[in-house]
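Close look at the chain arrangement
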Amino acid sequence: MSIVVQGVTKLYGEQKALNNISFEVKTGEIVGFIGPNGAGKSTMMKIITGFIPASSGQILVNDREVGTDNLEVRKEIGYLPENNPLYPEMYVREYLGFVASIYNTGVSKKKLIDNIIELTGLIPEQKKKIGSLSKGYRQRVGLAQALIHNPGVLILDEATTGLDPNQIVEIRNLIKEAGKEKTVMLSTHIMQEVEAICDRVIIIDKGIIVANEEKSKIYSVIKRPKQVIHVEFENDIKEALLLEIANVNTVRQIKKNTWLIEAEGDEDIRPLIFNFAVKNNLTVLSLQKQESNLEEVFRHLTKE
Ligand code: ADP
Ligand code: MG
């Protein structure tokens, strides 16, 4: 179950919402699709799911071409659109029954509904009207409709936007669990989400892909090998002395005896700081490297 996007462009009138985009999501991968508002994330997802056509380019979902083979493609895709459009007047079970009847899976409708209600933790709410549910439960209903036919590919557009922190964690866990045997592409503008769930990150900005890397390698796209070390000494120390450590270019005192030391180069300077302390009879209370975070990578790649 894979997604292959080749040279996709989407025009809305004069505006190029997507500009010659290509990428792949391999079987079993969970890929985070991130970018600022208006970058083209929802447009890309609507095209992959066959809801709107591309202006040019080609998309294959599990080797089937989107656009020509849409009925077959839809069976293999579960899609949670942005803002999770639902019918507030329908009851949860009634709605899921309605969705189940769209797909001809060979499994009884009741069984499909029972299974999905259990999987998405909807048992206590199953008899309520959708409009009366909390946002977290409505999101579970959205996931339930996306998962009910057991698709191999899951496309989730901003699945956790607007939820409170507890709901976010619950929905993320559900996505992680449901995504174990699926190929998943999820869009978000929350960096921690990508950190928490994804294997790979695709960053899109103004309709162009600006990064496509494994999560562990995404930091290397910032081409300034800078280290920031947070160090606390037991003793008072002069700034000038710290600047003598090799590769150090700036030091900043953040509180009494605590410094942020910035250095160039790839070589870990923590041993140098430690040796420096020993040589100068200083006691190190803590010594930590501050990791570059995804937020920083994102801002670096998508700033004006
Ligand atoms: P994202 O989901 O990353 O926020 P979208 O895919 O929704 O971005 O939008 C990408 C760009 O295309 C935006 O500039 C948006 O205003 C424009 N756009 C989206 N949908 C339409 C539409 N139906 N008609 C015209 N422009 C659109
Ligand atoms: Mg969007």
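Summarised in this report is the structure supplied together with it. (Residues numbered from 1 in each chain as written. Chains lettered and ligands numbered in written order. Predicted model: local features only at pLDDT ≥ 70, side-chain atom pairs only at ≥ 80, totals over all residues. Heavy atoms only, no water.)

1. A short note on the overall build of the protein
In terms of helices and strands, the protein carries 10 helices and 14 strands. The C-alpha radius of gyration computed for the protein amounts to 24 Å, which surpasses the reference 19 Å derived for 304 residues by more than 25%, pointing to a less compact arrangement than a globule. With respect to the principal axes defined by its C-alpha atoms, the protein has extents near 75 × 45 × 30 Å. Each of the 304 residues in the protein was classed as buried or not, and the buried ones make up 46%. For the protein, contacts bridging at least 24 residues in sequence account for 67% of all contacts bridging at least 6. Summed over all atoms, the accessible surface of the protein reaches about 15,500 Å², with 49% contributed by carbon and sulfur. The averaged location of the 40 negative side-chain charges in the protein is 4 Å from the averaged location of its 38 positive side-chain charges. (Helix = DSSP H or I, 4+ residues; strand = E, 2+ residues; numbered from the N terminus. Rg over C-alpha atoms; globule rule 2.2 N^0.38 Å. Buried < 20%, exposed > 50% of the residue type's maximum accessible area, 1.4 Å probe, protein only. Contact = heavy atoms within 4.5 Å. Areas by Shrake-Rupley, 256 points an atom, 1.4 Å probe, with all protein chains shown as cover. Lys, Arg positive; Asp, Glu negative; His and termini not counted. Charge placed at Lys NZ, Arg CZ, Asp CG, Glu CD.)

2. Some thoughts on helix α1 (residues 41-48)
Extensive coverage of α1 is indicated by the burial of seven of its eight residues. Within α1 the residues assigned to the buried category are Lys-41, Ser-42, Thr-43, Met-44, Met-45, Ile-47 and Ile-48. The first or second residue beyond α1 is Gly-50, which carries a positive phi of 80°.

3. Focus: the coordination of the magnesium ion (ligand 2)
Protein ligation of the magnesium ion (ligand 2) involves Ser-42 (OG), Glu-82 (OE) and Glu-82 (OE), the donor distances falling in the range 2.0 to 2.7 Å. Linking Ser-42 in helix α1 with Glu-82 in the loop between β6 (77-80) and α3 (92-100), this pair joins segments that are 40 residues apart in sequence. Residue classification places Glu-82 among the partly exposed positions, given a relative accessible area of 35%. (Donors = N, O, S within 2.8 Å, 3.2 Å for Na, K, Ca; no water.)

4. Description of the sheet that holds strand β5 (residues 64-65)
On the basis of which strands lie adjacent, the open sheet formed by four strands has the order β2-β1-β4-β5 and antiparallel pairing. Of all strands in the sheet, those with a lone pairing partner are β2 (15-25) and β5, marking the two edges. Bridging between strand β1 (residues 3-12) and β2 involves seven bridges; their strand directions are antiparallel. Pairing of Leu-11 across the sheet is with Lys-16, part of β2. Contacts from α1 reach β1, β2 and β4 (56-61), with the element oriented near 120° to β1. (Pairing = 2+ DSSP bridges. Axes fitted to C-alpha atoms, helices over the stretch in contact; angles between N-to-C directions.)

5. Comments concerning the packing of aromatic side chains
By the definition in use, this model includes five aromatic pairs. For the pair Tyr-87 and Tyr-95, a centre-to-centre distance of 6.0 Å together with 55° between the ring planes defines the contact as tilted. For Tyr-95, a relative accessible area of 5% gives the class buried. A ring pair is formed by Tyr-95 and Phe-98, whose centres lie 6.4 Å apart and whose planes are at 40°; its orientation type is tilted. One end of the pair is Tyr-95 and the other is Phe-98, both in helix α3 and three residues apart, which spans about a single turn. By way of ring pairs, the aromatic residues Tyr-87, Tyr-95 and Phe-98 are connected into one cluster. We note Arg-74 situated over the ring of Phe-51; from NZ or CZ to the ring centre the distance is 4.2 Å. The lysine or arginine in question, Arg-140, covers the ring of Tyr-137, its NZ or CZ lying 5.2 Å from the ring centre. (Phe/Tyr/Trp six-rings, centres within 6.5 Å; stacked < 30°, edge-to-face > 60°. Lys NZ or Arg CZ within 6 Å of the ring centre and 35° of its normal.)

6. Details of the site of ligand 1
Around ligand 1, the neighbouring residues are Tyr-12, Gln-15, Ala-17, Pro-36, Asn-37, Gly-38, Ala-39, Gly-40, Lys-41, Ser-42 and Thr-43. At 2.7 Å, a backbone N or O of Gly-38 approaches an oxygen atom of ligand 1. Between Thr-43 and ligand 1, the recorded distance is 2.5 Å, taken from a side-chain N or O atom to an oxygen atom. Notes on ligand 1: free accessible area 560 Å², of which the protein chains cover 62%. (Near = heavy atom within 4 Å. Polar contact = N/O pair within 3.5 Å; in protein donor to acceptor, adjacent residues only side chain to side chain.)

7. Quick look at a nonpolar patch on the surface
Where nonpolar side chains cluster on the molecular surface, the patch consists of Tyr-87, Phe-98 and Ile-102 and spans about 330 Å² of accessible area. In this structure, Ile-102 sits in the loop between α3 and α4 (109-119). (Patch = residues over 30% accessible without salt bridge, like charges linked within 9 Å, V, L, I, M, F, W, Y side chains within 5 Å. Salt bridge = Lys/Arg side-chain N within 4 Å of Asp/Glu carboxyl O.)

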